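# Coordinate inspection notes
Take a look at the letters that make up each chain.
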Amino acid sequence: MYWIILVLAGLMEVGFTFCLGKTKSATGHELVYWWVGFIVALSLSMILMAKAAERLPIGTVYPVWTGIGAVGAVIVGIVFFQEPATFWRVFFITTLILSIIGLKVMG
């Protein structure tokens, strides 16, 4: 159960990253909505991460949370913000994913 909470916390981190990216091109009311989305996703991410840390080791929780956020942010950047999907970006994101899996298996 706490691993599911941790994954949701990481996905909320991806959500606030997406909202932050959208603020770069938004104006008016749309900008306000993206900032509100950012704050809500950020708050949920922190709350869920703290909840996961109640039962899982913080030395596992924090790297997994940031890893999900980092991988998600790169994928969001490639899919939604036309960032490059170079070989080396994909290679290092793959190694990060394998490291997250390793932490889960060893934890």
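So, a few notes on the structure that sits alongside this text. (Residues numbered from 1 in each chain as written. Predicted model: local features only at pLDDT ≥ 70, side-chain atom pairs only at ≥ 80, totals over all residues. Heavy atoms only, no water.)

### Examining the nonpolar core
By size, the foremost hydrophobic cluster in this structure holds eleven residues: I5, L6, A9, M49, A52, L56, V61, V64, W65, I68 and I100. The element contributing the most residues to this core is helix 3 (residues 58–80), with four residues. Once you skip the residues sitting within four places of it in the chain, A52 turns out to touch Y2, I5, L6 and V61. (Core = buried A, V, L, I, M, F, W, Y, C linked by side-chain atoms within 4.5 Å. Buried < 20%, exposed > 50% of the residue type's maximum accessible area, 1.4 Å probe, protein only. Helix = DSSP H or I, 4+ residues; strand = E, 2+ residues; numbered from the N terminus. Contact = heavy atoms within 4.5 Å.)

### Describing helix 3
Compared with an ideal rise of 1.5 Å per residue, which puts 23 residues at 33 Å, helix 3 spans 32 Å between its outermost C-alpha atoms and is within 8% of the ideal. Those residues of helix 3 that are buried lie in contact with helix 1 (2–23), helix 2 (28–52) and helix 4 (87–106). (Expected span 1.5 Å × (residues − 1).)

### Thoughts on the environment of I97
Looking at the secondary structure, you find I97 in helix 4. Residues I97 and G67, spaced 30 residues apart in sequence, show a C-alpha to C-alpha distance of 7.3 Å.

### Brief notes about the packing of aromatic side chains
Per the stated rule, a full pass over the model turns up eleven aromatic pairs. Ring centres 5.4 Å apart and planes at 80 degrees place the aromatic pair W35 and F38 in the edge-to-face group. With a gap of three residues between them, W35 and F38 both fall in helix 2, about one helical turn apart. For W35, a relative accessible area of 37% gives the class partly exposed. For F38, a relative accessible area of 15% corresponds to the buried category. Between F87 and F91, the aromatic rings sit 6.0 Å apart at their centres with planes inclined by 20 degrees, giving stacked as the arrangement. (Phe/Tyr/Trp six-rings, centres within 6.5 Å; stacked < 30°, edge-to-face > 60°.)

### Points about the pattern of salt bridges
One pass over the structure, following the stated rule, counts two salt bridges. Between E54 and K51 there is a salt bridge; the shortest N-O distance is 3.3 Å. Residues R89 and E83 are paired through a salt bridge, measuring 3.4 Å at the closest nitrogen-oxygen approach. Using a relative accessible area of 26% as the deciding quantity, one classes R89 as partly exposed. Assessed through its relative accessible area of 34%, E83 is described here as partly exposed. (Salt bridge = Lys/Arg side-chain N within 4 Å of Asp/Glu carboxyl O.)

### Regarding the side chain of S45
Tracing the backbone through its elements, the reader meets S45 in helix 2. The exposure class assigned to S45 is buried, which follows from its relative accessible area of 0%. Contacts of S45, omitting those with residues within four sequence positions, involve A9, M12, E13, F16 and W65.

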